[in-house]
Amino acid sequence: MGQKSIETLVGFFILLAIAGLVMLAFQVSNLTTYQGSDTYDVKAQFDNIGDLKVRAPVTVAGVKVGQVASISLDPKNYRATVTLRLDRSANNIPNDSSASILTAGLLGSNYISLAPGFAEQFLKSGDSISETHSAIILEQMIGQLLFSVNKDKSADTDSGTNDASKS
Amino acid sequence: MIAFVQRVGRVGLSICTELGSASFFLSKSVWRKPRSGQKLHLLAHTLFNSGVLSLPIIIVSALFIGMVVGLQGFNILNKFSVTSELGQMVALSVVRELGPVVTALLFAGRAGSALTAEIGLMKATEQLDAMEMMGVDPLGRIMLPRLLGGFISLPLLTIIFCAIAIWGGDLIGVRWLGVDAGAFWSNMQSSVDFRLDVINGIIKSAVFGVVITWMAVYQGASAIPTAEGISHATTRTVVYSSLIVLGLDFVLTAMMMGGW
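Focus on the sheet that holds strand β7 (residues 128–129) of chain A
Residue and element names in this part refer to chain A. As summarised here, the arrangement of the eight strands in space is β7-β1-β4-β3-β2-β6-β5-β8, forming an open sheet in which the pairing is mixed. What marks the edges here is a single partner per strand, and that holds for β7 and β8 (131–133). In terms of strand pairing, strand β3 (residues 63–73) meets strand β4 (residues 80–87) through seven bridges, oriented antiparallel. Paired with S70 across the two strands is T83, which belongs to β4.

Examining the packing of helix α4 (residues 86–124) of chain B against helix α9 (residues 227–257) of chain B
Axes are the key here: two packed helices are described by the angle between their axes and the distance separating the axes. Residues and elements named next belong to chain B. At their nearest, the axes of α4 and α9 sit 9 Å apart, and the two run at 150 degrees to each other. Classified by the angle between their axes, α4 and α9 sit roughly antiparallel to one another. Note that α4 runs across α9; the crossing there is right-handed. Together, V101, A104, L105, A108, G109, G112, S113, T116, A117, G120, L121 and A124 of α4 and I230, A233, T234, T237, V238, S241, S242, V245 and D249 of α9 make up the contact between the two elements. Its residues assigned to classes, the contact of α4 with α9 comprises 11 nonpolar, nine polar and one charged.

Thoughts on the interface of chain A and chain B
Contacts between the two partners involve 18 residues from chain A and, on the opposite side, 23 residues from chain B. Its residues assigned to classes, the side of chain A that touches chain B comprises 13 nonpolar, four polar and one charged.

Quick notes on the nonpolar core
One finds B:V94, B:I160, B:C162, B:A165, B:I212 and B:V217 to be the most contacted residues of the largest nonpolar core, which totals 65 residues. If you list the elements that add at least two residues to this core, you get α1 (3–28) of chain A together with α2 (40–50), α3 (55–79), α4, α6 (138–176), α7 (181–191), α8 (194–221) and α9 of chain B. Setting aside chain neighbours within four positions, we find B:A165 in contact with B:A62, B:I65, B:G66, B:V94, B:L98 and B:G99. Counting 21 residues, the second-largest nonpolar core is a separate cluster that includes A:I49, A:V58, A:V68 and A:L86.

Overview of the pairing of strand β2 (residues 57–60) of chain A
Successive residues of a regular strand alternate their side chains across the two faces of the sheet. All names here are of chain A. The sheet contact formed by β2 and β3 spans four bridges and is antiparallel. Along β3, the bridge assignment pairs V58 with G66. Joining the antiparallel neighbours β2 and β3 is a turn of two residues, in which A61 adopts a positive phi near 55 degrees. Examined bridge by bridge, β2 and strand β6 (residues 110–115) share three bridges and lie parallel to one another. Opposite V58, over in β6, you have I112 as the bridge partner.

Looking at the pairing of β4(A)
Residue and element names in this part refer to chain A. Residue alternation in β4 divides its side chains into a buried set, A80, V82, L84 and L86, and an unburied set, T81, T83, R85 and D87. Across eight bridges, strand β1 (residues 39–46) lies against β4 in antiparallel orientation. By the bridge assignment, V42 is partnered in β4 with L84.

Quick notes on the domain arrangement of chain A
According to the domain assignment, chain A consists of domain 1 (1–32) and domain 2 (39–138). The C-alpha centroid of domain 2 of chain A is placed 42 Å from the C-alpha centroid of domain 1 of chain A.

What to know about the environment of B:G51
The topology assignment puts B:G51 in the loop between α2 and α3. Judged by local crowding, B:G51 falls into the buried class, with 27 C-beta atoms found within 10 Å. A C-alpha to C-alpha distance of 8.9 Å links B:G51 and B:F107, two positions 56 residues apart in sequence. Beyond its immediate chain neighbours, meaning those up to four positions away, B:G51 contacts A:V10, A:F13, B:S153, B:L156 and B:L157.

Brief notes about the confidence of the model for chain B
Taken as a whole, chain B shows an average pLDDT of 89; of its residues, 97% reach a score of 70 or greater. As scored by the predictor, the complex reaches a pTM of 0.75 and an ipTM of 0.79.

Comments concerning the packing of α3(B) against α4(B)
Residues and elements named next belong to chain B. Look at α3 against α4: their axes get within 10 Å of each other, and the N-to-C directions meet at 145 degrees. The handedness of the crossing between α3 and α4 is right-handed. Packed against α3, whose contacting residues are I57, I58, S61, I65, G66, V69, G70, G73, F74 and L77, the element α4 presents L86, M89, V90, S93, V94, L98, V102, T103, L106 and R110 at the interface. By residue class, the composition of the contact of α3 with α4 is 13 nonpolar, six polar and one charged.

Describing α2(B)
Among all positions in α2(B), only B:A44, B:T46, B:L47, B:F48, B:N49 and B:S50 are buried. Buried residues along α2(B) sit in contact with α1 of chain A together with α4 and α6 of chain B.

Cut-offs used in this document
- Residues numbered from 1 in each chain as written.
- Chains lettered and ligands numbered in written order.
- Predicted model: local features only at pLDDT ≥ 70, side-chain atom pairs only at ≥ 80, totals over all residues.
- Pairing = 2+ DSSP bridges.
- Helix = DSSP H or I, 4+ residues; strand = E, 2+ residues; numbered from the N terminus.
- Axes fitted to C-alpha atoms, helices over the stretch in contact; angles between N-to-C directions.
- Parallel < 35°, antiparallel > 145°, perpendicular 65-115°, else oblique.
- Left-handed = near helix turned anticlockwise from the far one by under 90°.
- Contact = placed C-beta atoms within 7 Å.
- Nonpolar A, V, L, I, M, F, W, Y, C, P; charged D, E, K, R; others polar.
- Core = buried A, V, L, I, M, F, W, Y, C linked by C-beta atoms within 7 Å.
- Buried ≥ 20, exposed ≤ 12 C-beta atoms within 10 Å, placed from the backbone.
- Domains from an automatic or database assignment.
- pLDDT = per-residue confidence, 0-100.

This is the structure we're talking about:
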């Protein structure tokens, strides 16, 4: 086989590898999404962030507008400080918007949903969102539910028999 | 008892000697003054031998591995009715583990053994000595292009392997078993990180490429110049480099997961 055709085949091989890398970068992995693009940071404090993770999505009306950049504990008031990195294209979010931590599906991961308020002022870099709703912890909810069911039952039984002490 | 201790000592010393001479061999062949681009056609030749000629086996096995991971993953995920996560499962297992490791094992069998046999035969027929007599350095003329060709071609082959294996998973999962194409690709994109998963896989394969090619070329150059010696050297290349690839894979994965 001549030198020319060997070089052609090697060139073909290298081009194939580059095409594979491009496919891995843009089709398989998340290189294109929020990669150093124009963003601004907003802080929000939550009583309990549940299972929220760094890089969890931030959405408005279900549309992804950013992601969680960092999570830390405020040493003064023991609340979780979450830094939201929002995309510059979503720069018209009113500054009285509220942030809540929701769960995608029954077993899915947590994400932050912003509910727009009505203020004329928009959120800027460094602002903080004051109105927040914590994550719903399933165990606490079940505990409260059981407690209230028990209370109902004891209220029922109080009027009837004297079994209240049992339940 | 003393004889046993003596044998342990002898084995230990011979391992150290072997490692030392292999390291000297590698450094002597690779660290040399770069000369004019005349040697590029030699590099093209070895890239052709170890890269292009390995493409058919890599492509076919990548296709089948992607398809079998898609099939197995579908059956497991179907139990929990989360088949939409199939793309994530195929992509992560291929990009992180199967791609680098399987390509390295195939490369050791296909290209490593050929390198050892070629250099061993050159040694047995005294071509290397003849070159030295003519004033041509066999390390620069024979070993260096083969080493560099192996170092370059294994990462490239791994990238091709990963891309084709994921396409094979798509073929089985989406086209045949009816997983939704949008869920397949978007779940994959949201869970595969370019730097943490793809680049780490390529780093792994670069390390494997260095180890396998080094092993193959050194075994060829240090083979006993007989028919039997060459066959032993070829066997050693494939066996040792497969074991080292699997062991190093564990070490590298542990280091990468430890956030190193």
